[in-house]
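Observations on the model geometry
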Amino acid sequence: MNGQRTLPSATSPTGSLSPCSFPFLNPTTLLSLSRVFTSLSWVSSVSMDKQHQQQLSLAKCPRQQYNEWIFRDVPSDITIEVSGGMFALHKFPLVSRSGRIRKLVAEHRDSDISRIELVSLPGGAESFELAAKFCYGVNFEITSVNVAQLYCVSDYLEMTEEFSKNNLSSRAEEYIDSIVCKNLEMCVEVLQQCENLLPLADELKIVSRCIDAIASKACVEQIASSFSRLEYSSSGRLHMNRQAKCDGDWWIEDLSVLRIDLYQRVIMAMKCRGVRPESIGVSLMNYAQKELTKKSSLWNPSRQPKVDVVTGSNGHENIVVETIVGLLPVEKLVVPISFLFGLLRSALMLDCAVASRLDLERRIGSQLDLAALDDLLVPSFRHAGDTLFDVDTVHRILVSFSQQDDSEDDMDDASVFESDSPHSPSQSALFKVSKLVDNYLAEIAPDANLKLNKFIAIADTLPAHARTIHDGLYRAVDIYLKAHQGLSDPDRKKLCQLVDFQKLSQEAGAHAAQNERLPLQSIVQVLYFEQLRLRNTLSCSNPDDDHKSMHPSWRISSGALSASMSPRDNYASLRRENRELKLELARLRMRLNDLEKEHVYMKRHMERSNSRKFMSSFSKKISKLNLFGRSSSRGSSSPSKHSERTDSKMTDRT
C-alpha cells in the first residue's frame, strides 16, 4: 500500500500458558486471561463504571478511546503510568512481549505490584499505546510516521526476539530496511520523527541508515539525470547538453523540512558520495531562504532598521547561518555572490562566530568582480554612532581580493607571460573591481562619520595598475571634500595624493583645473599635465617634426599603459616596447656615426691652420663657422650628406 504495510495481529499464545511460565501472576487472573485468549473476540461490549473509566482516561483526547481495544470482561491488574497518562492494563499480555515489564513485575512478585511508572519512555504515551496494542494483538499500520517511535519504544521495553518471536523490534527494523530506506521521501519523514527521539534513534542506527539512503538515492538520481542529458553532436562525439533541464535535484525541496543538525549530516554525506557542488549549493540556498526569511529583516537589508545590540533570541538563526557557511562547497561560482552577501549581512546582524564571517569575506573576495554596488553597501549594525555602512568589512573583503590576486600572480608560471593578449581574466577582474570601489567610495563619501583614514584605506587597497583612468576616484574625492569642508590643508593634500592627475580624462581634468576645493599643489599638477597633453597633441599633428615628437609622446602613452597594467599583462607590451626601442637605437647609432665623421673633419681642419697667426686663424674660423651655419640651414638636414661631402674633400686632399 504505497510503502505502508499492516501489522498483523499477535499470534495467540494460548498453547504456552501455564502457571509455571509466569509464576509471578495471580492464578485467578491467569485463568481468566487464558479463557479470553481462547475466545474469538478480543474486545467485548461490557461497559465500565465511571470510576474505572476515569482511571483509564489519558491526558490527551485522541487516546481517550484506547479502552475499546482492552479486555473489558477481565479486571485490570496493573496500571502503567507514562508521561502523565494512566493505562489500566493486564500483566499477562505485557510480560509476554516486553522484557522490561517482565523484569519489573518479577522483582515485585511478592508484593503483587499493581502500578509501574515508565520514566523517559521515547515517544511518550502515544508510543506506549502502540506498543500496548501490539502486546494485545490489535492490528494497526506501521508507517514512516510511527516506525521510528515503534523501534525506539521496542528497544526501551525490550520487545525483542528473546522474549517473543516476531516481536515489535524485529517488525520495525524490517520495515525500515525493506521499505523506508528504498524511498527518499520516507527517509526524510523518518528523520523528522527522529528529531524528538535523539539520542536513542542515533544509537539504534535509524538516523545513519536514513541519511545513507538519502545520500545514495540523490547520487543515483544525479547519475541517471546526467546520462539522460547525454547526446551526440554533429561530429558524432558524445557530449552533455547543458541547456537541458536537470531533473535529478528534485530532493532539494524535501530536505528543507529537516532540522539543521540532521540537514547538516545529510549534506555532509552527500559530499562524501560525490553529489554535484552545484546541487548542494542550490539546496543550501533553498534551506537558508526558508529558515532565515521567517524574519524578513534578516534577509532583506532594505527593510531592516538600525540596531544597537543584537539580543540572544536569535540562537536558532545563528546556528543556521554558521552551519550553512560551514557546508558551502569549496568550488568557486557554485553559489551566487548575492547569496554570500546575504549570509554575511545575517552573520553581522546576528553576531555569528568570527570564523564564519571571515570565511564569507574570503569567499566574496575570491569573486568580487561579480559583485554589484548594492552588494557592497553592507549596513552597520553594532554601533549607533558609527558610519551608515560597514566600511571595515568591505575593507577586509578588498584586502582578501588583493591578496588572492597576488597569490594567483605568484603561482602562474612563465608560460603565462608569453601571451600577447593585453587583458587577462585577472586583469579584467581588477578593472571591474576598481570601478566598483570608486562607485562605493562615491556612495559612502557623504557620510559625516566617515573618517579620512578609512576612506584612504579603501582607496589604497587596490594596486596602482588596477585603475587605467582616475575619473571615478577623483569624483569620490571631490564628494568627500564637499561633505567634509572642515578638513585641514595637510589632510586635503593627503587625500588628493590618491588621484593620479595624469590619468584624468579631458573632461575631468578641465573640472579639476577649476575646482576650488582642491589644494593649490593639485591644481598646479592638473594644469601641468593638461599643458603637456596639449603639447603632445600639437606635436603629433605636425608631420615635419614627426621624428622628434612621435617618440616622446609615445613614451608618455606607453608609460601610462605600463602603469595601468599588472606585471603579468605588461610583459607583452614590454616586448613591443623593446622592439620600438631597438629601432630607435639603430637610428641614434646612424646619427652618431655622422656626428663622429663631422667631428674628425673639424679636428683635422683646426690642426692644419695651427701655424698661422692667432687672430687671422680666429677670424677665418669664425667666417668658416658662419658659412657652415648658413650652409647647414640651406642644405640638407640629413647628416649623411655632410658625411659624403667630408669623404669627397678628404679624397681630394689625398
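Note that the structure is predicted; figures quoted are calculated from it, not measured.

Glancing now at the overall build of the protein. A tally of regular secondary structure across the protein gives 29 helices and seven strands. Residues counted as buried form 43% of the 654 residues belonging to the protein. Residue pairs in contact within the protein that sit at least 24 positions apart in sequence constitute 73% of those at least 6 positions apart. With an accessible surface of roughly 35400 Å², the protein has 53% of that area assigned to carbon and sulfur atoms.

Before going further, it helps to examine helix H23 (residues 489-496). Listed in full, the buried residues belonging to H23 are Arg-492, Leu-495 and Cys-496. The buried side chains of H23 occupy one side of the element, clustering within an arc of 95° when seen end-on.

Bringing the pairing of strand E2 (residues 78-82) into the picture now. Burial of E2 is extensive: five of the five residues sit out of reach of the surface. Strand direction decides the pairing type here: E2 and strand E3 (residues 85-89), joined by five bridges, are antiparallel. Counted as the bridge partner of Val-82 is Gly-85 from E3. Between the antiparallel neighbours E2 and E3 lie two residues, among them Ser-83 with a positive phi of about 50°. Relative to strand E4 (residues 115-117), E2 runs parallel, the two sharing three bridges. Residue pairing across strands places Ile-80 opposite Ile-116, the latter belonging to E4.

Before going further, it helps to examine the pattern of salt bridges. Per the counting criterion, the structure on display carries 15 salt bridges. When the shortest N-O distance is used, the salt bridge between Asp-392 and Lys-454 registers 3.7 Å. With Asp-392 in helix H19 (residues 391-411) and Lys-454 in helix H21 (residues 452-460), this pair connects stretches of sequence that are 62 residues apart. Linking Arg-467 and Asp-438 is a salt bridge whose minimum nitrogen-to-oxygen distance equals 3.0 Å. Within this pair, whereas Arg-467 is found in the loop between H21 and helix H22 (471-483), its partner Asp-438 is found in helix H20 (residues 425-444), the two being separated by 29 residues in sequence.

Within the largest apolar cluster, 146 residues are counted, with the highest numbers of intra-cluster contacts made by Ile-80, Phe-128, Leu-157, Met-270, Leu-368, Phe-455 and Leu-495. In terms of residues, this core owes the most to one element, helix H16 (residues 337-350), which gives 10 residues. Among all residues touching Phe-455, those that are not within four sequence positions of it are Leu-441, Ala-445, Leu-450, Ala-476, Val-477, Tyr-480, Leu-495 and Leu-498.

Tracing the backbone shows Thr-323 in helix H15 (residues 315-327). Within the structure, the side chain of Thr-323 is placed 2.6 Å from the backbone oxygen of Ile-319, a separation counted as a polar contact. What Thr-323 contacts, discounting residues up to four positions off in sequence, is Ile-260 and Gln-264.

Locating Ser-170 in the fold gives a position in helix H7 (residues 168-178). Residue classification places Ser-170 among the partly exposed residues on the basis of a relative accessible area of 25%. C-alpha separation for the pair Ser-170 and Tyr-151, spaced 19 residues apart in sequence, amounts to 8.4 Å.

For any pair of aromatic rings, geometry is given as the distance between the ring centres together with the angle between the planes. Inspection of every chain in the model, using the stated rule, returns four aromatic pairs. Ring geometry for Tyr-263 against Tyr-287: centres 4.1 Å apart, planes inclined by 10°, an arrangement best described as stacked. A residue pair is termed long-range when its members are at least 10 positions apart, and Tyr-263 in helix H12 (residues 260-273) and Tyr-287 in helix H13 (residues 277-292) qualify at 24 residues. With respect to class, Tyr-263 is no different from Tyr-287; both count as buried. Residues Phe-455 and Tyr-480 carry aromatic rings whose centres are separated by 4.8 Å and whose planes lie at 35° to one another, so their mutual orientation is tilted.

Let us look at the packing of H21 against H23. Two elements in contact, H21 and H23, have axes separated by 10 Å at closest approach and are oriented at 15°. The angle between H21 and H23 falls in the class roughly parallel. The two elements H21 and H23 cross, and the hand of that crossing is left-handed. The segment H21 lies against H23, with Leu-452, Phe-455 and Ile-456 engaging Asp-491, Lys-494 and Leu-495. Its residues assigned to classes, the contact of H21 with H23 shows four nonpolar, no polar and two charged.

We now examine unusual backbone geometry. Here the bond from Leu-198 into Pro-199 is cis, since omega is 5°, no more than 30 degrees from zero. One can find Pro-199 in the loop between helix H8 (184-194) and helix H9 (200-203). Phi is positive for Ser-120, which is not a glycine, with a value near 55°. For Ser-120, the location among the structural elements is in the loop between E4 and helix H5 (124-136).

It is worth spelling out the sheet that holds E2 at this point. The pairing of strands in a sheet comes from backbone hydrogen bonds and takes either a parallel or an antiparallel form. The strand order E3-E2-E4 describes an open sheet built from three strands, whose pairing is mixed. Either end of the sheet is taken by a strand with one partner, and the two such strands are E3 and E4. Averaged over all neighbouring strand pairs, the angle between strand axes comes to 20°, with direction disregarded. Contacting E2 and E3, H5 runs over the sheet at an angle of about 10° to E3.

When the terminal C-alpha atoms of H13 are compared, their 22 Å separation across 16 residues agrees well with the 22 Å that a helix rising 1.5 Å per residue should span. Among the residues of H13, Ser-279, Ile-280, Gly-281, Ser-283, Leu-284, Asn-286, Tyr-287, Ala-288, Glu-291 and Leu-292 are the ones counted as buried.

Right, let's talk about the confidence of the model for the protein for a bit. Per-residue pLDDT for the protein averages 74, and the proportion of residues at 70 or more is 65%. Helix H2 (residues 50-56) is the least confidently modelled element of the protein, averaging 32 in pLDDT, while H12 averages 95, the highest of any element. Note on residues 296-313: pLDDT is under 50 here. Beyond four places in sequence and across chains, it has 36 contacts. Scored below 50 in pLDDT, residues 625-654 shows 16 contacts in the model against residues more than four places distant or in partner chains.

On to the packing of H12 against H15, then. Put simply, H12 and H15 touch, their axes get as near as 11 Å, and they point 5° apart. On the basis of the axis angle, H12 is roughly parallel to H15. Facing H12, whose interface residues are Ile-260, Tyr-263, Gln-264, Ile-267, Met-268 and Lys-271, H15 presents Ile-319, Val-320, Thr-323, Gly-326 and Leu-327. Of the residues contributing to the contact of H12 with H15, the split by class is seven nonpolar, three polar and one charged.

Conventions and cut-offs
Residues numbered from 1 in each chain as written. Predicted model: local features only at pLDDT ≥ 70, side-chain atom pairs only at ≥ 80, totals over all residues. Heavy atoms only, no water. Helix = DSSP H or I, 4+ residues; strand = E, 2+ residues; numbered from the N terminus. Buried < 20%, exposed > 50% of the residue type's maximum accessible area, 1.4 Å probe, protein only. Contact = heavy atoms within 4.5 Å. Areas by Shrake-Rupley, 256 points an atom, 1.4 Å probe, with all protein chains shown as cover. Arc of directions from axis to C-beta. Pairing = 2+ DSSP bridges. Salt bridge = Lys/Arg side-chain N within 4 Å of Asp/Glu carboxyl O. Core = buried A, V, L, I, M, F, W, Y, C linked by side-chain atoms within 4.5 Å. Polar contact = N/O pair within 3.5 Å; in protein donor to acceptor, adjacent residues only side chain to side chain. Phe/Tyr/Trp six-rings, centres within 6.5 Å; stacked < 30°, edge-to-face > 60°. Axes fitted to C-alpha atoms, helices over the stretch in contact; angles between N-to-C directions. Parallel < 35°, antiparallel > 145°, perpendicular 65-115°, else oblique. Left-handed = near helix turned anticlockwise from the far one by under 90°. Nonpolar A, V, L, I, M, F, W, Y, C, P; charged D, E, K, R; others polar. Expected span 1.5 Å × (residues − 1). pLDDT = per-residue confidence, 0-100.

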